[in-house]
Amino acid sequence: MHSDDTLERRLLNGVRALGGSLAVAYSGGADSALVLAAAARALGPERVLAVTAVSESLADGELSRARHLAGDLGIIHLTPRTHELTRPGYRANGPDRCYFCKSEVLDTITALAHEHGVDVVATGTNADDASDPHRPGIRAGRERGIRTPLLDAGLTKADVRRLSRHWALPTWDKPATPCLASRVRYGIEVTSHRLARIDRAERAVRALTTEAGVDARDLRVRDLGDRARIEVDPLLVARIAALPGLARALAEAGFADLPHQVEPFRSGRLNSEV
């Protein structure tokens, strides 16, 4: 295990080596937030752009949180509209869906960065991501010469959280919040309707858990086509399943007439169900 000072030095040296300015593909999650903070420290905030792609696949509330942190860091925050749903490969929702998504997002971010005189774009890909066989989006980045400071410095997800905490970033313990399309079972077409009802359903279920005094850290509503599946922390399955109003909340969100089940959360679960 490396010390926080060692991790910090490796990351900052790696960012400095990228050049005088940097655009960060910034989702607001722990990984890209750390890259953004590192860029501000290594290059100065005036030489950094934070770019958040805005589309139907961005969960409610994520943009405002991302904007707040970028502002705290003193970094210009750009929010271009992206159009993943115009890409047939993305809508088809095969196991390579993320490739088409990242292609759209990174092409948009790269073009916008160039307009602002910035030639280098970085993502928050970490060492754990690169070892995961279900990451076709990483290929899209490599094809475009996108830089990966966390991966280059050998930082794992645990390292990201440690260093983020050391730097007092509010994202240090932020649960993973992948795009809404990751909740749709492979082979089922991704549409704006499906993404919107997943977003509504997750907000509604989270509101129920908060009202009941239940702290559900990881929560997903999966669209399986013929049913909905709510995934929560394993120890909370029974409590969430027994929440009054759960079926009604799902119905009002757009899952009316579909059965639902509550099961333990597992990151990347749909990848193992292809």
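Scroll up a little and you will see the structure.
All of these numbers come straight from a predicted model, not from anything done at the bench.

Q: Would you mind showing me how to read the overall build of the chain here?
A: Counting secondary structure elements, the chain contains twelve helices and seven strands. Relative to the compact-globule value of 19 Å for 274 residues, the chain shows a C-alpha radius of gyration of 19 Å, a close match. Overall, the chain is about 55 × 40 × 30 Å in size when its C-alpha atoms are taken along their principal axes. Looking at the chain as a whole, 50% of its 274 residues are labelled buried. When contacts within the chain are restricted to residue pairs at least 6 apart in sequence, those whose partners lie at least 24 apart make up 74%. Approximately 12500 Å² of the chain is accessible, and the part contributed by carbon and sulfur atoms is 51%.

Q: Quick question: what am I supposed to make of the sheet that holds strand S4 (residues 121-122) here?
A: Note on sheets: strands pair through backbone hydrogen bonds, and any given pair is parallel or antiparallel. Read across the sheet, four strands follow the order S3-S2-S1-S4 without closing on themselves; strand pairing throughout is parallel. Looking at which strands have only one partner, the edges of the open sheet turn out to be strand S3 (76-78) and S4. The pairing of strand S2 (residues 48-51) with S3 spans three bridges and is parallel. Residue pairing in the sheet places Leu-49 in a bridge with Ile-76 of S3.

Q: Hey, could you run me through the state of the cysteines in this one?
A: The bond known as a disulfide is covalent and runs between the sulfur atoms of two cysteines. Tallied over the full model, the rule gives zero disulfides. Cys-101 carries a free sulfur, and the closest cysteine sulfur to it, the one in Cys-179, is 5.1 Å from it. On the accessibility criterion, Cys-101 (9% relative accessible area) is buried.

Q: I'm lost on the side chain of Lys-174 in this one. Help?
A: Mapping Lys-174 onto the fold places it in the loop between helix H9 (157-166) and helix H10 (192-211). In this structure the side chain of Lys-174 is engaged in a polar contact, spanning 2.8 Å, whose partner is the side chain of Glu-62. Side chain to side chain, Lys-174 and Thr-177 meet in a polar contact 3.1 Å long. The residues touching Lys-174, leaving out its near neighbours within four places in the chain, are Gly-28, Gly-29, Glu-62, Arg-65, Arg-161 and Arg-217.

Criteria and cut-off values
Throughout, residues of each chain are indexed from 1 in the direction in which the sequence is written. Per-residue local features of the predicted model are confined to residues with pLDDT of at least 70, and side-chain atom pairs are confined, for both listing and counting, to 80 or more; whole-chain, interface and lining totals are unaffected and use all residues. With hydrogens and water set aside, each side-chain value is computed from the structure's full complement of heavy atoms. Secondary structure follows DSSP: runs of H or I at least 4 residues long count as helices, runs of E at least 2 residues long count as strands, and numbering of each begins at the N terminus. When we talk radius of gyration, it's over C-alpha atoms, and the globule rule is simply 2.2 Å times the number of residues to the 0.38. Note on exposure labels: buried denotes an accessible area under 20% of the residue type's maximum, exposed denotes more than 50%, and partly exposed covers the range between, all computed with a 1.4 Å probe on protein chains only. The criterion used for residue contact is that any of the two residues' heavy atoms lie within 4.5 Å. Only the protein chains shown count as cover for residues, and all accessible areas are computed by the Shrake-Rupley method using a 1.4 Å probe. Two strands qualify as a pair provided that DSSP identifies no fewer than 2 bridges between them. Cysteine sulfur atoms are paired as a disulfide whenever they fall within 2.5 Å. Here a polar contact means two N or O atoms within 3.5 Å. Within protein one must be a hydrogen donor candidate and the other an acceptor candidate, and residues neighboring in sequence count only if both atoms are side-chain atoms.

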